[in-house]
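Each chain, letter by letter, is given below.
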Amino acid sequence: MKNSEVTEVLNEISALLQLLNENKFKIKAYAVAAQKVTDLPEDIAEVAKGGEKELLKLDGIGKGIADKIMEYLNTGRVGYIDELTNKVPAGLLEILKIPGMGPKRTKLVYDKLGIQSVDELYNALKNKKFDGFPGFKEKMVSNILQGIELRKDAGKRLLLSDALELAEQVVKVLSNIDAVLKVEYAGSLRRRKETIGDIDILCSVEQGRSKDVVDVFTALPVVKSVIATGDTKVSVLTSNNVQMDLRMVGLDSFGAALQYFTGSKEHNVVLREYAVKNGFTLNEYGLFKAGNKSVKLAAKNEDDVYKALGMDYISPVLRENRSEIISALTHKLPVLVEPGDIKGDFHVHSVYSDGKNSVMDIALEAVKLGYKWVVITDHSKSLRIANGLLVKDIERKLKEIDKTNEKIGDKIRVFSGTEVDILSDGTLDYPDDVLKQFEFVIAAIHTGFQQSEEQITTRILGAMGNKYVNSISHPTGRLLGQRLAYNVDMEKLMVSAKSTGTWLELNANPYRLDINDIFCMRAKELGVRVTIGSDAHSLEQLEYLGLGLSTAQRGWLEVNDVVNTMTAAELKDSFKSKK
DNA sequence: GCCGTTTTCGGCCCGACTGTTTTCAGTCG
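Residues numbered from 1 in each chain as written. Chains lettered and ligands numbered in written order. Predicted model: local features only at pLDDT ≥ 70, side-chain atom pairs only at ≥ 80, totals over all residues.

A. Representation of the sheet that holds strand β10 (residues 292-298) in the model. Reading across the sheet, the three strands line up as β8-β9-β10 and stay open at both edges, with antiparallel pairing between neighbours. A single partner strand is all that each edge strand has here, and the edge strands are β8 (280-283) and β10. Each strand of the sheet is rotated relative to its neighbour by a mean of 40°, with strand direction disregarded. Examined bridge by bridge, strand β9 (residues 286-289) and β10 share three bridges and lie antiparallel to one another. Residue L287 lies in a different strand from β10, and its bridge partner there is A298. Those strands touched by helix α15 (residues 265-277) are β8 and β9, and its axis lies near 155° from that of β8. (Pairing = 2+ DSSP bridges. Helix = DSSP H or I, 4+ residues; strand = E, 2+ residues; numbered from the N terminus. Axes fitted to C-alpha atoms, helices over the stretch in contact; angles between N-to-C directions. Contact = placed C-beta atoms within 7 Å.)

Dropping the structure here:
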């Protein structure tokens with residue numbers, strides 16, 4: 001998969017062009033193309049095998065950029081980058097990442113003092129080499145120094161689950177203030193991105209009382225320092241170095257502001273471009289007639305803004321500029337799978353491997369969550385670190401599941417399952433005559449991560465060929481912020497899932513969210529169905545399923561794309577269908 | 001450099017905060 005490399009190359013060109021003060025639309029064109037490559041579910045190298053004409057079909061990629069992508073894929077280099085770095089050293093790109101150091105200041109320190117690295121910049125600032133330079137007065141110098149010192153933590157993103165917890169707490173505190181009329185979190189958190197860079201809180205406050213809110217916000221225990229304070233915006237840094245922005249708007253423009261601050265940036269750019277083309281102007285205060293800001297057409301509610309633009313309401317989870325705007329205009333948005341559609345959980349560990357709870361405890365908790373069924377999927381024998389279930393103990397587990405079903409009656413159906421290891425040599429950790437004792441089998445890779453793409457893909461394809469394997473667990477094996485995906489040809493894997501009638505898991509553990517939203521979209525295109533599993537090892541972790549559901553929504557999945565929407569009776573039949 | 005429900009040329013989203021600017025540039029989201 002070359003997508004991340006190509007994205008990096010395009011972003012590098014975009015940044016170098018910034019330093020050279022090039023045409024800002026050219027800069028944007030490279031950045032937009034980089035984003036498009038990131039969002040591509042297929043390997044760009046595979047697309048490029050069809051020739052440059054295939055690349056040109058991609059939105060945002062024209063002749064110039066397609067040439068550079070082809071050159072990179074063919075030679076591993078791009079001559080244009082060499083050309084640019086002859087004019088301005090590549091070391092400056094690191095400086096550009098420091099808060100406060102934009103292209104102008106970065107270029108200035110290079111031109112005047114020959115500074116090419118963050119360390120050189122740091123020393124020069126400490127030694128007051130900048131006296132008299134425009135834009136480098138005392139306050140700015142101290143801000144930049146702080147930015148450099150925080151650099152190690154910068155770029156670290158919060159897991160969706162952690163960001164949700166933090167934001168919900170802050171919203172709760174703010175909503176208890178008398179002067180607060182309305183408060184909601186926005187940004188990538190509201191869009192349920194898998195990781196969150198900063199937290200945006202939107203707040204509507206009684207006239208003249210914003211100080212009450214600012215005082216509480218900046219004094220929150222989690223706040224380490226205040227970055228900026230204005231009339232309508234306050235930015236702080238939390239103790240784990242995450243930026244949190246509070247924006248205050250009038251109640252009558254809350255909807256427009258919520259739309260604006262929910263983003264994504266790319267979605268908003270396209271939306272505002274569309275507005276302009278149709279004689280409007282859109283900002284955080286409302287939708288106006290172009291050139292006449294006294295005619296406000298929509299602002300109070302978010303869906304009014306979309307409606308006034310002639311579109312269906314677009315759910316926040318879809319706002320990534322992945323053709324949702326054209327779909328909203330043509331009334332072709334998906335009817336997303338919703339929490340109420342979910343009837344059960346496909347992936348739960350019990351005391352029969354490394355889970356904390358008994359089968360009965362899990363069943364009762366699942367009832368509380370409103371489920372109609374739950375699958376207990378313990379690890380298989382080889383995964384000793386996770387107390388994998390030995391063959392001799394399987395019968396005991398199956399009997400306990402039977403007994404639980406008898407006791408609990410028709411409140412819920414517990415299915416017997418296993419998360420069987422796909423061993424390094426490609427065989428499954430249980431033989432077929434053991435696997436067939438379970439009602440549901442997910443197969444997973446937990447070892448041999450370093451193998452080649454061909455080896456790992458072959459292992460998974462082999463597992464999918466087994467008639468007892470219903471689904472593939474966490475197909476890419478990534479752990480957010482900790483471990484990259486192993487080398488696997490996802491396109492081959494998904495095509496094979498379709499041909500073998502195997503489902504793919506969307507593992508809802510906050511570190512995994514695997515498969516991600518982009519692969520969900522591709523699975524849907526290919527007609528591959530998705531099983532969402534919490535991978536819970538304790539009762540509290542059953543709630544992770546919601547994170548998986550929002551990821552599925554971000555992947556445009558509808559009821560029929562998600563197997564969790566089936567009833568226990570329907571499932572029982574379809575478990576067998578592969579066999 | 002890209003793109004076309006008016007366009008193959010001439011456009012390309014919008015506003016807040018900081019610093020030191022007395023009307024704006026740079027940076028950020």
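B. Spatial organisation of the packing of helix α22 (residues 490-500) against helix α23 (residues 517-526). It is the contact of α22 with α23, at a shortest axis distance of 10 Å, that shows an interaxial angle of 40°. By the angle between their axes, α22 is oblique relative to α23. For the element pair α22 and α23, the recorded crossing hand is right-handed. Residues M490, M494, V495 and K498 of α22 lie in contact with α23, whose contacting residues are F519, R522, A523 and L526. Residue composition of the contact of α22 with α23, by class: six nonpolar, no polar and two charged. (Parallel < 35°, antiparallel > 145°, perpendicular 65-115°, else oblique. Left-handed = near helix turned anticlockwise from the far one by under 90°. Nonpolar A, V, L, I, M, F, W, Y, C, P; charged D, E, K, R; others polar.)

C. Focus on the domain arrangement of chain A. As assigned here, chain A comprises domain 1 (3-149), domain 2 (158-249), domain 3 (253-329) and domain 4 (339-577). Each of domain 3 and domain 4 has a C-alpha centre, and these two points are 39 Å apart. (Domains from an automatic or database assignment.)

D. Quick look at unusual backbone geometry. Between G263 and S264 the backbone carries a cis peptide bond, its omega angle lying at -5°. Residue position: S264 is located in the loop between α14 (254-262) and α15. A cis geometry characterises the amide bond from D514 onward to I515, with omega recorded as 15°. Positive phi outside glycine occurs at R192, with the angle close to 60°. The phi angle at N241 is positive, at roughly 60°, despite the residue not being glycine. Checked against the element boundaries, N241 lands in the loop between β6 (233-238) and β7 (243-249).

E. Inspection of helix α18 (residues 359-368) at higher detail. Every buried residue belonging to α18 is among V359, I362, A363, E365 and A366, and all of these are buried. Along the axis of α18, the buried positions cluster into a sector of 165°, meaning they face one direction only. Residues of α18 that are buried make contact with β11 (344-348), β12 (373-379), α19 (391-408) and β13 (413-421). In the stretch just after α18, G370 is the one whose phi turns positive, near 85°. (Buried ≥ 20, exposed ≤ 12 C-beta atoms within 10 Å, placed from the backbone. Arc of directions from axis to C-beta.)

F. Focus on the protein's contact with DNA strand B. Contacts to DNA strand B come from 40 residues, most closely from G62, G64, G102, K137 and G230. Looking at the surface near DNA strand B, the elements with two or more residues in it are α2 (24-38), α5 (63-75), α8 (103-113), α10 (138-149), β5 (223-229), α15 and β8. Of the residues assigned to the surface near DNA strand B, the class counts are 13 nonpolar, 15 polar and 12 charged. (Near = placed C-beta within 6 Å.)

G. Seen up close, the environment of S225. Here S225 is to be found in strand β5. Classification of S225 as partly exposed rests on a count of 13 C-beta atoms within 10 Å. Residues S225 and Q243 lie 18 residues apart in sequence; the distance between their C-alpha atoms is 9.7 Å. Not counting residues up to four positions away in its chain, the partners in contact with S225 are V236 and L237.

H. Examining the sheet that holds strand β14 (residues 440-444) more closely. Taking strand neighbours across the sheet as the criterion, the seven strands line up as β11-β12-β13-β14-β15-β16-β17 in an open arrangement whose pairing is parallel. The open sheet has two edge strands with one neighbour each: β11 and β17 (530-533). The sheet contacts of α18 involve β11, β12 and β13, and relative to β12 the element is tilted by about 145°.

I. Fine view of the nonpolar core. Formed by 120 residues in total, the largest nonpolar core has its most connected members in I199, I201, C203, V374, A443, I460 and V530. Broken down by element, the residue count for this core peaks at seven residues, all from helix α11 (residues 160-175). In contact with A443, not counting residues within four places along its chain, are V420, I422, L428, A463, V469, I472 and S473. The next biggest cluster of nonpolar side chains, apart from the first, holds 34 residues, and it includes I13, L17, I95 and I115. (Core = buried A, V, L, I, M, F, W, Y, C linked by C-beta atoms within 7 Å.)

J. How the structure looks around the packing of helix α1 (residues 3-19) against helix α6 (residues 79-87). The contact between α1 and α6 brings their axes to 10 Å, and the two run at 30°. If you check the angle between α1 and α6, you find them roughly parallel. Where α1 crosses over α6, the handedness of that crossing is left-handed. For the pair α1 and α6, the contacting residues are E12, I13 and L16 in the first and Y80, I81, L84 and T85 in the second. Residues belonging to the contact of α1 with α6 are distributed by class as follows: five nonpolar, one polar and one charged.

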